[in-house]
Amino acid sequence: MAARELKEFTLEEVAQHNKPGDLWVVIDSKVYDLTQFKDLHPGGIAVLIDKGVAGKVATDAFYGLHRHEVLERPQYKRLQIGTIKAQKSVIFGRKIGELSQVPYAEPTWLSPGYHSPYYSDNHRQFQKAVRLFVDEVVYPDAQLREEDGKRPSQVVFDKMADMNLHAMRLGPGKHLKGRVLMGGIVKPEEFDYFHGLIITQELVRCSARGYGDGMLSGNVIGLPPVLNFGSPELQARIVPDILAGKKFICLAVSEAVAGSDVMGLQTTAVLSEDGKEWIINGTKKWITNGTFADYFTVACRTDDGLTVILVERGPGIETRQIKTSYSTSAGTAYITFDNVRVPTSNTLGEVGGGSFVILSNFNHERWSVCCSSTSAQRMMIEECLKWATQRKAFGKPLISQPVIRAKIAAMIARTESMQSWLESITYQMTHMTYKQQSQKLAGPIAFLKSYSTRCAQDTARDAVQVFGGRGITKTGMGKFVERYYRTVTFDSLLGGAEDVLADLGVRQAIRAMPKNAKL
């Protein structure tokens, strides 16, 4: 069908169409005929036939109630019949692949005129490619799946695999050797933790927390123990399909009786009489991606202490969905193991050496949470700045209220401090071996995660205050703020609770205290 030709009108011509039976409005220089639509308007007829709206320029009135995306929906886009002569639209929605022009919506290194010692031209080229990929491929699926609760679409996993994003999300390492990364933008040997930071922070821009974990966070935390402690035969058998997005893995540590208390785990693994198999019994709870995982990296109690074992889905394993405050798209599961038999060749690391396997894995997981939390808070800054400048209250823009500016100032200060600390730690990671990171950075990363997630909760609370009732409404202007506020505490718990991590950081510091340090 050929596109309908749009006509040009003067404001005087539009003003003549100001009655219920003949109703036009102007929004951002575009003329809309609402005559037939008025009875279908979700907000009722009265707002449309108001003297300040009917036949008038209703741009401020519209944006005081609706997000721009409403005008881009086909059912509303067709209501446009023309434009105003000699005027051009100046308001645009999300520009695919482009940087936001809102102050502090992007980290400093991406802001025009600013510099950074951490990022190369390759990082900048890489960021552009990832931003475009996320906007085109991931974002649309995220909005659908976050609401319907289904697992992220397989086509998204497949396209991510084409770019080798699943492999890159695990960080630098031998698993990248021979792979073409992001269409060849970065060589495997040149990929570093700043590239990983970019991936994580770009994915978060979908503003869909449950979907974000459904985007195979289980791979990010469940596969490293296999890569670092699994036998070559085990790696060759399961890693290729996981990095291709064909099979999925999750990390199964937490239990109903043991969350942050890893040493209190009760799931057991007992050797069979012939010593060739582990027999596993127990339960795991709050396991991300557990509902659709093919493999489970399971922490078990054995005669020699904790042991980590790679378990394949099969007889004796049952997974059930746990409904939490974020989307079921994450696949959060309660898992039962009833006499599950697993070859001893699936043991990851030494028997009884599970504590080292688990703890060494925590650093990267917690660092990833810090990347996510910082990026998500930037999204809140952007939402609040946009809303505060377009919303009118007491006859003037909301941003004119000192208390609103103070809340936004606090958001910006917190986020900028987190980004700076995060980049400093990431720089150390690029210059340390995996072992050195475990020795040197466990404390700093624990502190940063505790600080980031505390800041996040302050930011969520402030954002709701800026948006008012819209900030607790699942649709409309404040939908992303509502999502954030409802799900912000996940980061404060996953990978270790705030208080536990803060204490860990202090204990690490005390361990390094020189014995001769006295006042």
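Everything numeric here is computed off the predicted structure, so don't read it as measured data.

Conventions adopted
- Residues numbered from 1 in each chain as written.
- Predicted model: local features only at pLDDT ≥ 70, side-chain atom pairs only at ≥ 80, totals over all residues.
- Heavy atoms only, no water.
- Helix = DSSP H or I, 4+ residues; strand = E, 2+ residues; numbered from the N terminus.
- Rg over C-alpha atoms; globule rule 2.2 N^0.38 Å.
- Buried < 20%, exposed > 50% of the residue type's maximum accessible area, 1.4 Å probe, protein only.
- Contact = heavy atoms within 4.5 Å.
- Areas by Shrake-Rupley, 256 points an atom, 1.4 Å probe, with all protein chains shown as cover.
- Axes fitted to C-alpha atoms, helices over the stretch in contact; angles between N-to-C directions.
- Left-handed = near helix turned anticlockwise from the far one by under 90°.
- Nonpolar A, V, L, I, M, F, W, Y, C, P; charged D, E, K, R; others polar.
- Parallel < 35°, antiparallel > 145°, perpendicular 65-115°, else oblique.
- Pairing = 2+ DSSP bridges.
- Core = buried A, V, L, I, M, F, W, Y, C linked by side-chain atoms within 4.5 Å.
- Patch = residues over 30% accessible without salt bridge, like charges linked within 9 Å, V, L, I, M, F, W, Y side chains within 5 Å.
- Salt bridge = Lys/Arg side-chain N within 4 Å of Asp/Glu carboxyl O.
- Arc of directions from axis to C-beta.
- Lys, Arg positive; Asp, Glu negative; His and termini not counted.

Assigned secondary structure in the chain consists of 19 helices and 15 strands. Against the globule reference of 24 Å for 519 residues, the chain gives a C-alpha radius of gyration of 26 Å, in line with a compact fold. Seen through its C-alpha atoms, the chain measures out along the principal axes to roughly 90 × 60 × 45 Å. In the chain, which comprises 519 residues, the share counted as buried stands at 52%. For the chain, restricting intrachain contacts to residue pairs at least 6 apart in sequence, the fraction spanning at least 24 positions comes to 73%. Total accessible area on the chain is roughly 24,500 Å²; 55% of this is exposed by carbon and sulfur atoms.

With that out of the way, let us pick up the packing of helix 13 (residues 354–390) against helix 17 (residues 479–487). Interaxial distance between helix 13 and helix 17 falls to 10 Å at its minimum, and their mutual angle equals 145°. In this structure, the crossing between helix 13 and helix 17 has a hand that is left-handed. Residues Ala376, Gln377, Met380 and Glu383 of helix 13 form the contact with helix 17, whose participating residues are Phe480, Val481 and Tyr484. Considering only residue class, the contact of helix 13 with helix 17 consists of 5 nonpolar, 1 polar and 1 charged.

Let us now look at unusual backbone geometry. In this model, Trp286 sits at a positive phi of 60°, which is unusual for a non-glycine residue. Classification of Trp286 as partly exposed rests on a relative accessible area of 40%.

So, about the packing of helix 5 (residues 121–148) against helix 6 (residues 154–162). With their axes 10 Å apart at the nearest point, helix 5 and helix 6 run at an angle of 160° to one another. Taken together, the axes of helix 5 and helix 6 are roughly antiparallel relative to one another. Note that helix 5 runs across helix 6; the crossing there is left-handed. Across from Phe133, Val137, Val138 and Asp141 in helix 5, the residues of helix 6 making contact are Val156, Lys159 and Met160. Here the residues of the contact of helix 5 with helix 6 are counted per class, giving 5 nonpolar, no polar and 2 charged.

All right, on to the pairing of strand 5 (residues 80–84) then. With 4 of 5 residues buried, strand 5 is to be regarded as a mostly interior element. Across 3 bridges, strand 1 (residues 7–9) lies against strand 5 in parallel orientation. When the sheet's bridge partners are listed, Phe9 is paired in strand 5 with Ile84. In terms of strand pairing, strand 4 (residues 30–33) meets strand 5 through 3 bridges, oriented antiparallel. Counterpart to Lys30 in the pairing with strand 5 is Thr83.

Moving on, we come to the nonpolar core. Counting 98 residues, the largest nonpolar core has Phe126, Val138, Met168, Leu223 and Trp367 as the members making the most contacts within it. Of all the elements, helix 13 adds the most residues to this core, at 14 residues. Once residues within four sequence positions are removed from consideration, Trp367 is found in contact with Tyr193, Gly196, Leu197, Leu422, Ile425, Thr426, Met429 and Ile445. Counting residues in each nonpolar core, the second largest holds 18 residues, with Ala252, Ile317, Ile335 and Val342 among its members.

The next point concerns a nonpolar patch on the surface. There is a patch of nonpolar side chains on the surface, built from Val506, Ile510 and Met513 and spanning about 290 Å² of accessible area. As for its placement among the helices and strands, Met513 is situated in the segment after helix 19 (498–511).

In this section: helix 6. Where helix 6 is concerned, the buried positions are Val156, Phe157, Met160 and Ala161. Considered in projection along helix 6, the buried side chains sweep an arc of 140° and stay on one side of the axis. Residues of helix 6 that are buried make contact with helix 5, helix 7 (165–168), helix 9 (209–214) and helix 12 (232–243). Immediately beyond the C-terminal end of helix 6, within one or two residues, lies Asn164, with a positive phi of roughly 60°.

This next bit is on the sheet that holds strand 3 (residues 22–27). A sheet is described by the order of its strands in space; here 5 strands give the open sequence 1-5-4-3-2, paired in mixed fashion. The strands lining the two open edges of the sheet, one partner per strand, are strand 1 and strand 2 (18–19). Here 4 bridges tie strand 3 to strand 4, and the two strands are oriented antiparallel to one another. Considered in strand 4, the bridge of Ile27 is made with Lys30.

What follows covers the environment of His66. Of note, His66 is situated in the loop between helix 2 (59–63) and helix 3 (69–72). Separated by 412 residues in sequence, His66 and Gly478 have C-alpha atoms that sit 9.6 Å apart.

What follows concerns the pattern of salt bridges. This model, assessed by the stated rule, comprises 28 salt bridges. Across the pair Asp503 and Arg507 runs a salt bridge whose closest N-O atoms are separated by 2.9 Å. Taken together, the residues Asp503 and Arg507, both in helix 19 and 4 residues apart, mark about one turn of the helix. On the accessibility criterion, Asp503 (41% relative accessible area) is partly exposed. The network of salt bridges with shared partners includes Arg67, Glu69, Arg73, Glu383 and Lys479.

Summarising the element assignment, Asp192 is placed in the loop between helix 7 and helix 8 (193–203). Arg124 provides the closest opposite charge to the buried, salt-bridge-free Asp192, at an N-O distance of 13 Å.

What follows covers the pairing of strand 10 (residues 305–312). Of all the 8 residues making up strand 10, 7 are buried; the element is thus mostly covered by neighbouring parts of the structure. Across 8 bridges, strand 9 (residues 295–302) lies against strand 10 in antiparallel orientation. The residue bridging Thr297 from the neighbouring strand is Leu310, located in strand 10. Counting the residues that bridge the hairpin from strand 9 to strand 10 gives 2 residues.

Tracing the backbone through its elements, the reader meets Thr487 in helix 17. On the basis of relative accessible area, Thr487 is assigned to the buried category, the value being 4%. Sequence-distant contacts of Thr487, that is, excluding residues within four places in its chain, are made with Arg209, Ser325 and Tyr326.

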